Amino acid sequence: MINRRHFLRNAALFGAGATLTTMPAFRAFAEESMRLYWWGTPSRAERTLGVAKLFEASHSGAKIVGEVGGSDYWAKLTTMIAGGNAPDIFQLEPSRFADYSRRSTNLPLNDYLGKVIRTDKLVPGVLDLGTVDGKVTGMPLSLNAFAMIYDADAVTKAGLAPPSAKTTWDDFAKFSIDLTKAIGKKNVWAVGNASRYTYAFEAFLHQRGKKLYTEAGKLGYGASDAADWFGYWESLTKNGGCVSAEIQALDKVLVDSNPLATGNAAIAIAFSNQLPAFQKISKSTLDITSLPVSSADGPSGLFYRPGLHWSIASTAKNPELAAQFIDFFVNDLEAGKILQVERGVPVNTDVQTAVLPSIDPTAKKTVDYVNGIAGRVGAYPPAVPLGAGELDERVFRPLADKVAFGQLTPAEAGSELVSSADRILKA
């Protein structure tokens, strides 16, 4: 587990995360070519390709070909892996990382650590966040936490006190209804319907002393917990506090499709490192706070988490070159100056120091937020079991949408989620 004091002393900056531009996914390459696949904003693409060019300049004969995905990222990645055409290096996020690793799609990095991939300047404990079943199968690229991002101008104009660390879910429901009324615009509500976000549900569970998944790879909650979660958002929708089902169905769980980004909501339940990306889209001043809690003095449901991972495909033609790129991406100071904090706080402490002078006010808000939750974060949860990604995308989100459209009751959705998990999950 990460040493919190060391993390807070060294991790003094946070950044963005988000959406897309696309490039062709299939080409024939020379042996020294290496394919790099990720999702993100145009800014992320520009920075990532900038580092790729810097790497090519210092590694004779190496050529990096970048491919950027959007809302179809996971479907394309699965198709490429199944077709034997996986990118040499691909980006993963925590809720799917262990699932991919347990399918043997990720090459273990253990033999490269401390040799090809330098580890002496990494935040202590960070490699634990890339470890599945005793093997490091991905390099964490950043650290962040769950957060609530809100339109501070809209809240001020409404004459309401903004949510805080003491705001309960019941408080938040009343706040959202009042804020929607104060905004008074057609197709604009206080918040997007977060019932379909597994990460928000996970925080809700942690506040109840439960987990999304147990160490044994089973569900850490029951049908009644899921029913309570779906029911909360159903009630909030009916009372006018969150977006309609039609609006929420357009959300692809990316920054640019979130109702806050599309102008249909004033609040997003998201990740701390996404604040700059939301702010870049918004004309209003945005601020950040923690998620609502079950009780004002109870657990926050928060924990420090890796923002993203780079993983090397088990089928990579030149895994050592791929390991060299990951080392360069994480440890090179000039690469760090290009990347800055766009993906979140750098995991190399020297890189953090190098980019600190250029941090902007929006990123500073994320620093203050992460520092502010230091005494409220819990332990990092167990790795997700095989099938977790499928359960999230094909069951959890569709069930949330069916409740929003009135096609299922919360209780029916909760029961179906648990029964589907028993069928899909493999420890």
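Throughout what follows, the structure given in this document is the object of discussion. By convention here, each chain's residues receive numbers from 1 onward along its written sequence. The predicted origin of the model limits local features to residues at a pLDDT of at least 70 and limits the giving and counting of side-chain atom pairs to 80 or more, whereas totals for whole chains, interfaces and linings rest on all residues. Side-chain measures here rest on the full set of heavy atoms in the structure, leaving out hydrogens and waters.

Looking now at the overall build of the protein. By the criteria applied, helices consist of DSSP H or I runs no shorter than four residues and strands consist of E runs no shorter than two, each listed in order from the N terminus. When helices and strands are counted, the protein shows 17 helices and 13 strands. Restricting the calculation to C-alpha atoms gives the radius of gyration, and the globule rule supplies 2.2 Å times the number of residues raised to the power 0.38. Relative to the compact-globule value of 22 Å for 427 residues, the protein shows a C-alpha radius of gyration of 21 Å, a close match. The dimensions of the protein, computed from C-alpha atoms along their principal axes, are 60 × 50 × 40 Å. For the protein, the proportion of its 427 residues judged to be buried stands at 58%. Excluding contacts between residues fewer than 6 apart, the proportion of contacts in the protein whose partners are at least 24 apart in sequence is 78%. Think of it in three bands: residues with accessible area under 20% of the maximum for their type are buried, residues over 50% are exposed, and the middle band is partly exposed, with areas taken using a 1.4 Å probe on protein chains only. Note on contacts: a residue pair qualifies if any of its non-hydrogen atoms lie within 4.5 Å across the two residues.

What follows concerns unusual backbone geometry. Most peptide bonds take the trans configuration, and most residues that are not glycine carry a negative phi. Positive phi outside glycine occurs at Ser104, with the angle close to 65°. Summarising the element assignment, Ser104 is placed in the loop between α4 (94-102) and β4 (131-132). Of note, Asn187 is a non-glycine position whose phi angle comes to about 60°, a positive value. Its location among the elements puts Asn187 in the loop between α6 (169-183) and β9 (189-191). Judged by relative accessible area, which is 39%, Asn187 ranks as partly exposed.

Checked against the element boundaries, Thr366 lands in helix α15 (residues 361-372). For Thr366, a relative accessible area of 0% gives the class buried. When the C-alpha atoms of Thr366 and Thr353 are compared, they prove to be 17 Å apart, with 13 residues separating the residues in sequence.

So, on to the sheet that holds strand β11 (residues 286-289). Strands were regarded as paired on the criterion that DSSP finds at least two bridges between them. With mixed pairing, the four strands of this open sheet are ordered in space as β9-β10-β8-β11. Only two strands of the sheet have a single partner each, and these edge strands are β9 and β11. Within the sheet, the average angular offset between the axes of one strand and its neighbour, ignoring direction, is 20°. Pairing between β9 and strand β10 (residues 265-271): two bridges, direction parallel. Bridge pairing in β10 places Val191 opposite Ile267. Note on geometry: axes are C-alpha line fits, over the in-contact stretch for helices, and angles between N-to-C directions span 0 to 180 degrees. α15 contacts β8 (146-151) and β11 of the sheet and is inclined by roughly 15° relative to β11.

For the rest of this paragraph, the subject is helix α16 (residues 388-404). Given the number of residues in a helix, its expected span is that number minus one, multiplied by 1.5 Å. Here α16 is 17 residues long and its end C-alpha atoms lie 22 Å apart, about the 24 Å a rise of 1.5 Å per residue gives. Every buried residue of α16 is listed here: Ala388, Gly389, Leu391, Asp392, Val395, Phe396, Arg397, Leu399, Ala400, Asp401 and Val403. At its buried positions, α16 is contacted by α4, α7 (198-207), α8 (223-238) and α17 (410-424). At the exit of α16 stands Gly406, carrying a positive phi of roughly 80°.

This part covers the sheet that holds strand β13 (residues 309-312). Spatially, β2-β1-β3-β13-β6 is the arrangement adopted by the five strands of the open sheet, whose pairing is mixed. Bordering the open sheet on either side are β2 (63-69) and β6 (139-140), each of which pairs with just one other strand. Note: β6 against β13, two bridges, orientation antiparallel. Counterpart to Met139 in the pairing with β13 is Trp310. Seen against the sheet, helix α3 (residues 73-82) touches β1 (33-39), β2 and β3 (89-92) and runs at an angle of roughly 150° to β1.

Attention now moves to the environment of Leu417. With respect to the helices and strands, the residue Leu417 is situated in helix α17. Classification of Leu417 as buried rests on a relative accessible area of 0%. When the C-alpha positions of Leu417 and Lys115 are compared, they lie 44 Å apart, and in sequence the two are 302 residues distant. Here Leu417 is in contact with Tyr221, Ala226, Phe230, Leu391, Val395, Phe396 and Leu399, once residues within four sequence places are set aside.

Between Lys or Arg on one side and Asp or Glu on the other, a salt bridge is scored when a side-chain nitrogen of the former is within 4 Å of a carboxyl oxygen of the latter. For the structure on display, the rule yields 19 salt bridges. Between Arg35 and Glu67 there is a salt bridge, and its shortest N-O distance comes to 2.7 Å. Of this pair, Arg35 sits in strand β1 while Glu67 sits in strand β2, and the two are 32 residues apart along the sequence. Each member of the pair, Arg35 as well as Glu67, is classed as buried.

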